[in-house]
Number of protein chains: 2
Amino acid sequence: MSKGQSTKRVILDEATEIASRTGLQALTIGTLAARTELSKSGLFAHFRSKESLQLEVLRHARDRFVDLVIRPALATPRGEQRVRALFEHWLSWCRGDALEGGCIFTAAATEFDDQPGAVRELLVNDERDLADTVAQVFRTGISEGRFRADADPYQFAQDLHGILLAYVHTARLLADPKAEQRARRAFEALLDAAR
Amino acid sequence: MSKGQSTKRVILDEATEIASRTGLQALTIGTLAARTELSKSGLFAHFRSKESLQLEVLRHARDRFVDLVIRPALATPRGEQRVRALFEHWLSWCRGDALEGGCIFTAAATEFDDQPGAVRELLVNDERDLADTVAQVFRTGISEGRFRADADPYQFAQDLHGILLAYVHTARLLADPKAEQRARRAFEALLDAAR
DNA sequence: GCCTAAAACGAACGGTCGTGCTAAAAAGGG
DNA sequence: CCCTTTTTAGCACGACCGTTCGTTTTAGGC
């Protein structure tokens with residue numbers, strides 16, 4: 001790997017960390033340069049615009065998400081077990097085990113849901129892919145006979161997402177230690193209802 | 001009402017609208033002044049700092065939320081009916097019927113969940129109050145015998161919040177027209193499980 | 001170890017940010 | 001209608017924003 005690529009990865013790691021805490025808008029080139037001990041112009045040269053930086057941060061975060069959540073889930077046996085693995089890894093992601101600032105997508109989603117542009121479009125694509133993946137994983141549970149045949153996979157996907165979003169809200173903002181336990185209970189109830 | 005108070009209300013109305021779309025951070029004094037056709041300094045005189053503006057916007061939005069969601073719900077008969085009213089008005093709020101930009105609290109929550117300060121504290125207080133209110137409304141459903149006596153009111157509050165958050169995400173970001181229908185299904189499933 | 005290409009820097013740009021200060025305009029009770 | 005108080009405007013400030021450009025430093029193949 002060339003020098004340029006390696007420093008770019010350092011930059012993106014730090015940028016992803018900052019963005020997960022303060023959002024993609026508040027991620028400023030000046031502070032990012034200071035944090036990585038680079039000059040503003042030296043850093044800027046790696047990206048040709050701020051929007052491009054935001055896009056690369058989002059892609060970088062998505063790669064991490066796939067590595068830490070999606071892939072491990074798909075590595076477990078099809079059916080209910082895989083659904084459980086997906087939930088557990090996703091919960092860990094939201095807890096901030098990977099990014100100290102918590103789920104960067106949740107932050108970006110509320111930041112850009114009303115602001116048209118390339119960032120929003122990338123975000124929409126990623127989130128649609130995620131919903132598709134969740135629905136597909138759930139479908140394998142149906143075909144394995146663990147869930148009702150008439151259960152709606154996309155209903156499951158939206159419900160599961162809600163459990164995670166509520167967990168993030170209750171745990172991170174309200175600092176309620178029971179949030180995780182409630183998320184687990186909600187997940188079990190969701191599985192029960194699908195059986 | 002004095003002139004100052006009336007223009008202040010105009011400012012706060014506009015500010016709440018902007019903040020619901022772009023967030024409290026992106027709500028800038030310059031653009032707010034342009035939008036209300038006031039000079040920057042003239043507008044600034046009404047608040048003594050940006051943080052104070054953000055706090056007043058949040059309080060203004062909370063008052064609207066109480067008027068449009070909490071009060072109408074409390075005006076319906078105790079028990080399941082009141083729980084349903086709370087859900088329906090809250091859903092309408094999230095749909096953007098009141099604020100074009102959608103739920104301002106959801107946006108602010110993800111924006112400030114990692115940023116200590118007075119804004120975060122106010123937000124935490126408001127959201128705790130909301131959770132308490134939801135739990136209390138659910139409790140009346142228990143005492144009316146509509147829900148299981150051993151159901152956990154705060155579990156219900158977190159679950160209900162998740163349904164709304166997932167609705168916002170799916171409807172506003174993904175622009176999925178089925179989001180609302182799924183939110184209603186999830187709500188009915190939540191009630192069923194509580195019976 | 002040289003030479004080219006890549007990478008990082010320093011300085012500057014036009015703008016906008018939040019925030020003061022002072023003066024003008026408007027409001028409104030007497 | 002005057003006089004005081006309240007409300008608004010004008011102007012300036014230092015800081016930081018994203019971005020450009022020309023120069024200097026570093027990599028890394030030959």
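Reading the values: the criteria
- Residues numbered from 1 in each chain as written.
- Chains lettered and ligands numbered in written order.
- Predicted model: local features only at pLDDT ≥ 70, side-chain atom pairs only at ≥ 80, totals over all residues.
- Heavy atoms only, no water.
- Near = heavy atom within 4 Å.
- Polar contact = N/O pair within 3.5 Å; in protein donor to acceptor, adjacent residues only side chain to side chain.
- Nonpolar A, V, L, I, M, F, W, Y, C, P; charged D, E, K, R; others polar.
- Helix = DSSP H or I, 4+ residues; strand = E, 2+ residues; numbered from the N terminus.
- Least-squares fit on C-alpha atoms with pLDDT ≥ 70 in both.
- Contact = heavy atoms within 4.5 Å.
- Phe/Tyr/Trp six-rings, centres within 6.5 Å; stacked < 30°, edge-to-face > 60°.
- Buried < 20%, exposed > 50% of the residue type's maximum accessible area, 1.4 Å probe, protein only.
- Salt bridge = Lys/Arg side-chain N within 4 Å of Asp/Glu carboxyl O.

Chemist: For the protein's contact with DNA strand C, give the residues involved together with the corresponding values.
Modeler: Residues in contact with DNA strand C amount to 19 residues; listed here are only the nearest, Ser-39, Ser-41 and His-46 of chain A together with Thr-28 and Lys-50 of chain B. In the interface set of DNA strand C, defined as its atoms within 4 Å of the protein, sugar plus phosphate atoms amount to 67%. Between DNA strand C and the protein, one listed contact pairs a phosphate oxygen with a side-chain N or O atom of Thr-28 of chain B at 2.9 Å. In the environment of DNA strand C, a phosphate oxygen lies 3.0 Å from a nitrogen or oxygen atom belonging to the backbone of Ile-29 of chain B. Split by residue class, the surface near DNA strand C holds 3 nonpolar, 12 polar and 4 charged.

Chemist: Tell me about the protein's contact with DNA strand D, residues and numbers included.
Modeler: Neighbouring DNA strand D are 20 residues, the closest being Thr-28 and Lys-50 of chain A together with Ser-39, Ser-41 and His-46 of chain B. Restricting attention to atoms of DNA strand D within 4 Å of the protein, one finds that 62% of them are sugar or phosphate atoms. For DNA strand D, a base nitrogen lies 3.1 Å from a polar atom in the side chain of Lys-40 of chain A. A distance of 2.7 Å is found between a phosphate oxygen of DNA strand D and a backbone nitrogen or oxygen belonging to Ser-39 of chain B. Going through the elements one at a time, α2 (29-36) and α3 (40-44) of chain A together with α1 (3-22) and α3 (40-44) of chain B are the ones with two or more residues in the surface near DNA strand D.

Chemist: How would you sum up the relation of the copies chain A and chain B? Please name residues and give values.
Modeler: Note on the copies: chain A fits chain B at an RMSD of 0.0 Å, the axial shift is 0.0 Å, and the rotation between them is 180 degrees. The relationship between the two copies is best expressed as a two-fold rotation axis. Proximity to the rotation axis, assessed at the C-alpha, singles out Gly-162 of chain A in chain A; its C-alpha lies 2.1 Å from the axis. When the interface residues of chain A are mapped onto chain B, 100% of them are again interface residues, pointing to one common binding face.

Chemist: Describe the packing of aromatic side chains, and please don't skip the residues or the numbers.
Modeler: A full pass over the atoms with the stated rule returns 14 aromatic pairs over all chains. Note on Phe-65 of chain A and Phe-105 of chain A: the rings are 5.7 Å apart at their centroids and 85 degrees apart in plane angle, and the pair reads as edge-to-face. In this pair, Phe-65 of chain A sits in helix α4 (residues 50-74) while Phe-105 of chain A sits in helix α6 (residues 104-112), placing the two residues 40 residues apart along the sequence. Assessed through its relative accessible area of 7%, Phe-65 of chain A is described here as buried. The exposure class of Phe-105 of chain A is buried, given its relative accessible area of 7%. Ring centres of Phe-87 of chain B and Phe-187 of chain B lie 3.9 Å apart, and the angle between their planes is 5 degrees; this geometry places the pair in the stacked category. With Phe-87 of chain B in helix α5 (residues 80-95) and Phe-187 of chain B in helix α9 (residues 179-194), this residue pair connects regions lying 100 residues apart in the sequence. Assigned by exposure class, Phe-87 of chain B and Phe-187 of chain B land together as buried.

Chemist: I'd like a rundown of the pattern of salt bridges, residues and numbers included.
Modeler: Tallied over the full model, the rule gives 42 salt bridges over all chains. Across the pair Asp-97 of chain B and Arg-95 of chain B runs a salt bridge whose closest N-O atoms are separated by 2.6 Å. Among the residues examined, Asp-97 of chain B registers a relative accessible area of 48% and is labelled partly exposed. According to the relative accessible area criterion, Arg-95 of chain B is partly exposed, its value standing at 31%. Because the salt bridges share partners, they merge into one network encompassing Glu-80, Arg-84, Arg-146, Glu-188, Asp-192 and Arg-195 of chain A.

Purely geometric numbers; function is a separate question.
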